[in-house]
Amino acid sequence: MGPHPAVAAIRLAVRRVLHDVLTDVQRTEAHRADPRRPEAQRTPEHVPARPAHAHPPCEQAPAPLVLVACSGGADSMALASALAFEAPKLGIRAGGVTVDHGLQDGSDLRAAEVVSRLTALGLEPIESVAVDVGRDGGPEAAARDARYGALDAVAERHGAAAILLGHTRDDQAETVLLGLARGSGIRSLSGMAAVSGGPGADRRYRRPFLHIDRQTARKACMVQSLPVWDDPHNTDPAYTRSRLRHEGLPALEKALGKGVVEALARTAQLSRDDADALDHWAAQAEASVRDAAGLLECAKLYALPPAVRRRIVRRAAIDAGAPAGALFARHLEEVDRLITGWRGQGAINLPGKVVAQRQGGRLVIRQGC
């Protein structure tokens with residue numbers, strides 16, 4: 001008799017992601033070993049000395065390490081259990097990390113409990129990292145930034161090939177609705193990517209459960225007798241996502257019927273595909289709208305479709321120092337009017353002390369005084 005359907009579902013999701021991680025590792029190793037690469041063609045006297053910790057050519061490199069980010073909640077505990085079960089069968093080392101945000105009394109004790117639970121699953125290495133949560137962008141955004149900063153640091157320290165995150169289809173639906181409420185465009189509607197990056201690692205984060213609902217993850221914990229911790233912040237109406245989870249989505253399901261979560265998750269994937277295509281188009285078009293000095297030419301920008309033009313403008317603003325998370329649709333609309341509705345208006349102030357203005361038919365975006 002096989003495992004419970006919920007357990008089988010989470011294990012299959014993790015197995016697929018681990019296969020993808022192995023494929024990425026093998027491609028990276030093959031690229032490094034390619035004799036056509038310039039560094040592989042250097043003469044011996046130009047090859048730097050091998051570091052003392054490096055593995056000799058005849059010695060097999062260690063198995064890749066995959067970490068699970070675990071809060072102790074049902075989603076991440078289900079993920080940790082599936083990783084512990086599947087990784088050894090594929091020759092992958094499985095470890096874990098928990099982040100103590102310090103936002104609740106006894107958070108250090110709960111982090112220690114998570115470490116104990118991950119140890120019981122057989123994960124190694126395991127780290128508990130305490131972070132200081134700032135205030136920029138609100139409490140939820142500040143906690144997220146601190147958490148990902150800690151996860152990136154742990155991944156770099158251990159040379160992890162990937163970090164698994166326990167976001168579910170329900171989390172995806174909530175993210176889409178939050179993006180819709182902000183009115184920030186199709187990229188916000190695309191929700192969370194199944195694969196995303198950290199500093200210097202564009203495929204570090206993997207989300208195996210984006211097609212699995214929250215109840216399946218909880219059921220998998222229950223049938224495996226895995227203890228879970230329910231974060232009180234998840235039911236605190238002071239937090240936007242909590243209100244959406246316990247009031248907004250149920251109201252939508254009552255008005256529109258079941259299937260809202262699935263439809264929103266499907267919208268995320270369709271929106272991501274469209275947004276990726278438009279980003280690619282904008283990247284290709286950008287060189288054609290700059291003059292010899294590298295300045296953006298308004299006439300050429302005007303000829304582009306608005307979705308492509310605004311992506312080029314947004315990238316230019318970020319390159320000038322505007323924080324991506326603080327750059328909203330209304331900012332881009334104001335800058336876009338310098339291109340499409342020029343009436344001699346003055347400079348536009350953007351987040352990060354960035355200024356956008358039209359000068360001699362050029363759109364100049366730079367740091368202000």
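Keep in mind that what you see is a predicted model, and the values were worked out from it rather than measured.

Q: I'd love a proper account of the sheet that holds strand S6 (residues 201-206), names of residues and values included.
A: With mixed pairing, the six strands of this open sheet are ordered in space as S3-S2-S1-S4-S6-S5. Only two strands of the sheet have a single neighbouring strand rather than two, namely strand S3 (126-130) and strand S5 (195-198). Strand-to-strand twist in this sheet, taken as the mean axis angle between neighbours without regard to direction, amounts to 35°. Here strand S1 (residues 65-69) runs beside strand S4 (residues 162-164); their pairing, made up of three bridges, is parallel.

Q: Now, about the pattern of salt bridges: what can you tell me, with residues and values included?
A: Within this structure, the stated rule accounts for 26 salt bridges. A salt bridge links Arg 117 to Glu 113; its shortest N-O distance comes to 3.8 Å. Placement of the pair is Arg 117 and Glu 113 together in helix H3 (residues 107-120), with a separation of four residues, close to one helical turn. With a closest N to O distance of 3.4 Å, Arg 310 and Asp 336 form a salt bridge. Taken together, the residues span a long stretch of sequence, with Arg 310 in helix H11 (residues 306-319) and Asp 336 in helix H12 (residues 329-340) at a distance of 26 residues. Since its relative accessible area comes to 4%, Asp 336 is described here as buried.

Q: Account for the packing of helix H1 (residues 5-33) against helix H2 (residues 74-86), with residues named and values stated.
A: One can describe the packing of H1 onto H2 by two numbers: an axis separation of 9 Å at closest approach and a directional angle of 60°. With respect to H2, the element H1 is oriented oblique. Our pair here, H1 against H2, has a crossing hand that is right-handed. Residues Ile 10, Arg 11, Val 14, Arg 15 and Leu 18 of H1 form the contact with H2, whose participating residues are Ala 78, Leu 79, Ser 81, Ala 82, Leu 83, Phe 85 and Glu 86. Its residues assigned to classes, the contact of H1 with H2 shows eight nonpolar, one polar and three charged.

Q: Give a description of the side chain of Thr 216 that names residues and reports values.
A: Position of Thr 216 relative to the elements: it lies in helix H7 (residues 214-223). Residues in contact with Thr 216, not counting those within four places in the same chain, are Ala 6 and Ala 9.

Q: Could you give me a rundown of unusual backbone geometry, with the residues and numbers involved?
A: In this structure, Pro 125 follows Glu 124 across a cis peptide bond, with omega equal to 5°. The topology assignment puts Pro 125 in the loop between H3 and S3. With a phi close to 55°, Ser 225 is a non-glycine residue in the positive phi region. Within the secondary structure, Ser 225 sits in the loop between H7 and helix H8 (240-256). Note on Ser 225: relative accessible area 63%, which makes it exposed.

Q: Give a description of the sheet that holds strand S9 (residues 354-359) that names residues and reports values.
A: Strand order in the open sheet formed by four strands is S7-S10-S9-S8, and the pairing between neighbours is antiparallel. Both edges of this open sheet fall to strand S7 (296-297) and strand S8 (348-350), since each of them pairs with a single strand only. Relative to strand S10 (residues 362-367), S7 runs antiparallel, the two being bridged by two bridges. What sits directly across from Leu 296, in S10, is Leu 363. Its contacts with the sheet put H11 on S7, S8, S9 and S10, and the angle it makes with S10 is roughly 30°.

Q: Provide a residue-level description of the packing of aromatic side chains, including the pertinent values.
A: Enumeration according to the criterion identifies one aromatic pair in this entry. On the basis of an interplanar angle of 85° and a centroid distance of 5.1 Å, the ring pair of Tyr 148 and Tyr 205 is categorised as edge-to-face. Taken together, the residues Tyr 148 in helix H4 (residues 139-158) and Tyr 205 in strand S6 connect sequence positions 57 residues apart. Assigned by exposure class, Tyr 148 and Tyr 205 land together as buried. Above the ring of Phe 85, the side-chain terminus of Arg 11 is found at 3.6 Å from the ring centroid.

Q: So, helix H9 (residues 260-286): which residues are in play, and what are the values?
A: One turn of an α-helix holds 3.6 residues; hence residues three or four places apart share an orientation. The first and last C-alpha atoms of H9 sit 38 Å apart over 27 residues, in line with the 39 Å expected at 1.5 Å per residue. For H9, the complete set of buried residues consists of Val 260, Val 261, Leu 264, Ala 265, Ala 268, Ser 271, Arg 272, Ala 275, Ala 282, Ala 285 and Glu 286. Those residues of H9 hidden inside the fold are in contact with helix H5 (169-182), helix H6 (186-189), H8 and H11.

Q: Describe in detail the confidence of the model for the chain, supporting the description with residues and values.
A: Residues at a pLDDT of 70 or more form 91% of the chain, whose mean pLDDT is 89. Summarising per-element confidence for the chain, the mean pLDDT is lowest in H6 (84) and highest in S1 (98). A low-confidence stretch, residues 46-54 stays under pLDDT 50, and its non-local contacts, those more than four residues away or across chains, total five contacts.

Q: Now, about the nonpolar core: what can you tell me, with residues and values included?
A: One finds Val 66, Leu 83, Leu 123 and Phe 209 to be the most contacted residues of the largest nonpolar core, which totals 36 residues. Mapped onto this core, the elements with two or more residues apiece are H1, S1, H2, H3, S4 and H7. The element best represented in this core is H1, accounting for 10 residues. The residues contacting Leu 123, other than those within four sequence positions of it, are Val 68, Ala 80, Ala 84, Ala 94, Gly 95, Gly 96 and Leu 118.

Q: Tell me about the pairing of S6, and name the residues and values.
A: Note that S4 and S6 share two bridges and pair parallel. Looking at the pairing, Ile 163 lines up with Tyr 205 of S6. As paired strands, S5 and S6 are joined by three bridges and run antiparallel to one another. Along S6, the bridge assignment pairs Ser 196 with Tyr 205.

The rules behind each value
Residues numbered from 1 in each chain as written. Predicted model: local features only at pLDDT ≥ 70, side-chain atom pairs only at ≥ 80, totals over all residues. Heavy atoms only, no water. Pairing = 2+ DSSP bridges. Helix = DSSP H or I, 4+ residues; strand = E, 2+ residues; numbered from the N terminus. Axes fitted to C-alpha atoms, helices over the stretch in contact; angles between N-to-C directions. Salt bridge = Lys/Arg side-chain N within 4 Å of Asp/Glu carboxyl O. Buried < 20%, exposed > 50% of the residue type's maximum accessible area, 1.4 Å probe, protein only. Parallel < 35°, antiparallel > 145°, perpendicular 65-115°, else oblique. Left-handed = near helix turned anticlockwise from the far one by under 90°. Contact = heavy atoms within 4.5 Å. Nonpolar A, V, L, I, M, F, W, Y, C, P; charged D, E, K, R; others polar. Phe/Tyr/Trp six-rings, centres within 6.5 Å; stacked < 30°, edge-to-face > 60°. Lys NZ or Arg CZ within 6 Å of the ring centre and 35° of its normal. Expected span 1.5 Å × (residues − 1). pLDDT = per-residue confidence, 0-100. Core = buried A, V, L, I, M, F, W, Y, C linked by side-chain atoms within 4.5 Å.

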